[in-house]
Amino acid sequence: MDDQPRLMHSHTGVGMAGHPGLSQHMQEGTGGTDGDGRKQDIGDILQQIMTITDQSLDEAQARKHALNCHRMKPALFNVLCEIKEKTVLSIRGAQEEEPPDAQLMRLDNMLLAEGVSGPEKGGGSAAAAAAAAASGGAGADNSAEHSDYRAKLSQIRQIYHTELEKYEQACNEFTTHVMNLLREQSRTRPISPKEIERMVSIIHRKFSSIQMQLKQSTCEAVMILRSRFLDARRKRRNFNKQATEILNEYFYSHLSNPYPSEEAKEELAKKCAITVSQVSNWFGNKRIRYKKNIGKFQEEANMYAARTAVNAANASSHGSQANSPSTPNSAGGYPSPCYQSDRRIQ
DNA sequence: ACGAATGATTCCGT
DNA sequence: ACGGAATCATTCGT
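Residues numbered from 1 in each chain as written. Chains lettered and ligands numbered in written order. Predicted model: local features only at pLDDT ≥ 70, side-chain atom pairs only at ≥ 80, totals over all residues. Heavy atoms only, no water.

- As annotated in an unreviewed UniProt entry, chain A carries the name Pre-B-cell leukemia transcription factor 1 and is attributed to Myripristis murdjan.
- Its UniProt record gives chain A the following Subcellular location (unreviewed entry) comment, quoted word for word: "Nucleus".
- Under the UniProt heading Sequence similarities (unreviewed entry), the entry covering chain A gives this text: "Belongs to the TALE/PBX homeobox family." (UniProt positions renumbered as here; feature names shortened; annotations may be inferred.)

Okay, structure coming up:
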């Protein structure tokens, strides 16, 4: 702290030489005193400015007032104006261009798509729940979960909006606060409108980055909600007995090559009243589980083998095909096993 | 309540 | 794009 005054002195010395504006003010501001006294004055003032932040509020207020009333104040103000003008130019050059944030756009789009940030529909969670309850009379199975999902979504939506509003409010409050501060300070130091604008934009950037975090976490919450409710695993139902019989029949009668073609899958799907991909899932699961523990499936395999054998016998004796979707390939009940097993009939 | 069964998803290799 | 393998989440049987 000891070198501060000296530093300022030397600086003002240079300033005196280089700033016609200052010397002009000095001359008209100070009637008869000599140059050394003026230097001392400016040194004092600058030191007071530098240390003003260390002081208590009352003390600072008093000193501020004293500075405002000081006879050297207009001169100093002018010097600061000139310095400012030069530095502001350099700052303006370094002004970074605001990039159109792709990440933010993605988040916004997603929130809009999920109906979180879009226009309010249904008007709150209570109304949404009521509407869901009203519509959920007949299809209790599906719409009960759907309403649950929507209720949770509107909860997220509500939190999102209140938080967003809070941020907005805080941003505005902070901005006006800073503006007031700057206005107040503009009495003692020069502040250009450009500077205020810049300050405001900095504040807005900061707050929008906070908003981005909110949006991000909201997106995360929605994704989790989606994965919880829209995941088919959550509402899994076992196939009915008939469907599993049909599938098993096909599987064990094609044990040598249990890979149904696309057409066979479609046919099975139709017979079982399930989708083709469900058929694919079933065969995928069956293959891997059969292979993993052939012994466990032995009984089942024998049973279906016997059944197809009976069917074949019936078919040959009656001259008509059974209603099982078995194809000619290895339909005789003696499949060459692609998975080794000591298969025996009964 | 518990473990087995089961349908669906995910990851990975081809 | 498909199948194998592992895994998840639910349902079923006890």
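The structure having been displayed, the exposition proceeds.
## Thoughts on the protein's contact with DNA strand B
- Taken together, the neighbourhood of DNA strand B is formed by 14 residues, with Ala 232, Arg 236, Gln 278, Asn 285 and Arg 289 sitting nearest.
- Here, DNA strand B places atoms within 4 Å of the protein, and 56% of those atoms are sugar or phosphate.
- Side-chain polar atom of Gln 278 to a phosphate oxygen of DNA strand B: 2.6 Å apart, as the coordinates give it.
- A distance of 2.6 Å separates a base oxygen of DNA strand B from a polar side-chain atom of Arg 289.
- Ranked by residue count, the leading element in the surface near DNA strand B is helix α12 (residues 276-292), at five residues.
- Residues that form the surface near DNA strand B fall into these classes: three nonpolar, five polar and six charged. (Near = heavy atom within 4 Å. Polar contact = N/O pair within 3.5 Å; in protein donor to acceptor, adjacent residues only side chain to side chain. Helix = DSSP H or I, 4+ residues; strand = E, 2+ residues; numbered from the N terminus. Nonpolar A, V, L, I, M, F, W, Y, C, P; charged D, E, K, R; others polar.)

## Structural notes on the protein's contact with DNA strand C
- The local shell around DNA strand C consists of Arg 233, Arg 234, Arg 236, Arg 237, Asn 238, Tyr 259, Lys 265, Arg 287, Ile 288, Arg 289, Lys 291 and Lys 292.
- Within 4 Å of the protein, the contacting atoms of DNA strand C are drawn from sugar and phosphate to the extent of 85%.
- Tyr 259 is positioned with one of its side-chain polar atoms (N or O) 2.2 Å from a phosphate oxygen of DNA strand C.
- Taking Arg 287, its side chain carries an N or O atom lying 2.6 Å from a phosphate oxygen of DNA strand C.
- With five residues, the top contributor of residues to the surface near DNA strand C is α12.
- The class makeup of the residues in the surface near DNA strand C is two nonpolar, one polar and nine charged.

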